[in-house]
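As a plain string of letters, each chain reads:
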Amino acid sequence: MLVVTNLQGQTEPLPDVSGVEDAEQVNGEYSLSFVCFNTENNQYAYPLVQEESTVELDGHEFRIKQMTEVRDRKEVHAQHIFFDLVDHYQEGTFGGTHTLDEFVTYALNGTGWTFENVDVTESAFIPNFGEGNVIALIKQICDAFGCEYQIMPGKHLRFTKQIGADKDEQFRYKHNIKTIKKSVDTTKLATAIKGFGANGLVVEYHSPNEAIYGTRWAEPIKDDRYIIAESLLERLKQELTDVPEVSIELELSQLGFDVELGDRLWVIYEPLGIDFQTRVMEIKRYPFTKKSPVVTLSNKK
């Protein structure tokens, strides 16, 4: 059951709702939407459903940001309270070379949020870190360490190199998966890229898919932190989008097994005869109903 709390601290259960959907994405976006009704069961809770009130679901709290009221019903869209931290500004700086734990501890100081670091062990250099809101600082940390974070219940963040697990399953579009919606985008497609590091280091990478699409140059990478050719080469491979960006939306039950946010799968794309690794980039869940979750598989970086 949903529980609503207004800005004055009044809390009531909210039983009569419909269309409840919570949507979580790999990039950290997390939202809740629903419709509530002015019924006898909701007589105490309905007045509390106001802008900036919070709604709790399974240990997560969401703040109401958009609401439309028509007669005796309210259509609500709320975002996770983690994003309230956009209003929490960290003054001062903590730049230099530090571990992820040190950077995150500084960023979350005074917020009431906790965190865990699963597997990010290296240090990174972030010049002039600080003087910004917490959301921006967390993004800066993830960019520097090449990691991801997931919002957990109870004002807790989980940092890891990559959310989810590797799955051995392979899927073929129109064969063993039935799509709800599919989109393909070749705007960023490229097959060759150059990288420039320190001390005149220049590395060039050509994708095997150059044989399919021809030579298409991506914007070069310039980063003086690289002094070893092999390291820069790996960066180029990661940056290059050498296959079409494909997004497939489907019901979770169609997969035949359970998947979690960030899980990595393999998809065969028949039109071009290529296969590529894709991820569960978004999960939409429908609490209080028998409707299967809807997942979005995508290889977008």
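Before reading further, recall that the structure is shown in the block above.
A quick note: this is a predicted structure, and the numbers were derived from the prediction, not measured.

About the thresholds
Residues numbered from 1 in each chain as written. Predicted model: local features only at pLDDT ≥ 70, side-chain atom pairs only at ≥ 80, totals over all residues. Heavy atoms only, no water. Pairing = 2+ DSSP bridges. Helix = DSSP H or I, 4+ residues; strand = E, 2+ residues; numbered from the N terminus. Contact = heavy atoms within 4.5 Å. Axes fitted to C-alpha atoms, helices over the stretch in contact; angles between N-to-C directions. Buried < 20%, exposed > 50% of the residue type's maximum accessible area, 1.4 Å probe, protein only. Phe/Tyr/Trp six-rings, centres within 6.5 Å; stacked < 30°, edge-to-face > 60°.

Enquirer: Help me out: how do you make sense of the sheet that holds strand β18 (residues 202–206) in this one?
Expert: Note: strands within a sheet are paired through backbone hydrogen bonds, in either parallel or antiparallel orientation. On the basis of which strands lie adjacent, the open sheet formed by three strands has the order β18-β17-β19 and mixed pairing. Both edges of this open sheet fall to β18 and β19 (221–222), since each of them pairs with a single strand only. Sheet analysis places strand β17 (residues 192–196) next to β19, joined by two bridges and oriented parallel. Along β19, the bridge assignment pairs F196 with K222. Packing against the sheet, helix α4 (residues 229–239) makes contact with β17, β18 and β19, and its axis sits at approximately 40° to β18.

Enquirer: Looking at this model, I keep getting lost on the pairing of β18. Mind explaining?
Expert: The side chains of a regular strand alternate, residue by residue, between the two faces of the sheet. Alternating positions in β18 separate cleanly, V203 and Y205 being buried on one face and V202, E204 and H206 remaining unburied on the opposite face. Here β17 runs beside β18; their pairing, made up of five bridges, is antiparallel. Bridging across to β18, K194 finds its partner in E204. Connecting β17 to the next strand, β18, in antiparallel fashion are five residues, including N199 with a positive phi near 55°.

Enquirer: It is not clear to me how the packing of aromatic side chains should be interpreted in this structure. Could you clarify?
Expert: For any two aromatic rings, the description comes down to two numbers: the centre-to-centre distance and the angle of the planes. On inspection of all chains with the given rule, the structure shows 11 aromatic pairs. Geometrically, the ring pair formed by F82 and W113 is edge-to-face, given 5.4 Å between the ring centres and 70° between the ring planes. Here F82, found in the loop between β7 (73–80) and β8 (89–93), pairs with W113, found in the loop between α1 (100–108) and β10 (114–117); they are 31 residues apart in sequence, far enough to count as distant. With relative accessibility at 8%, the residue W113 sits in the buried group. On the basis of an interplanar angle of 70° and a centroid distance of 6.1 Å, the ring pair of F103 and F145 is categorised as edge-to-face. Highlighted residues: F103 in helix α1 and F145 in helix α2 (residues 134–145), separated in sequence by 42 residues. One exposure class covers both F103 and F145, and it is buried.

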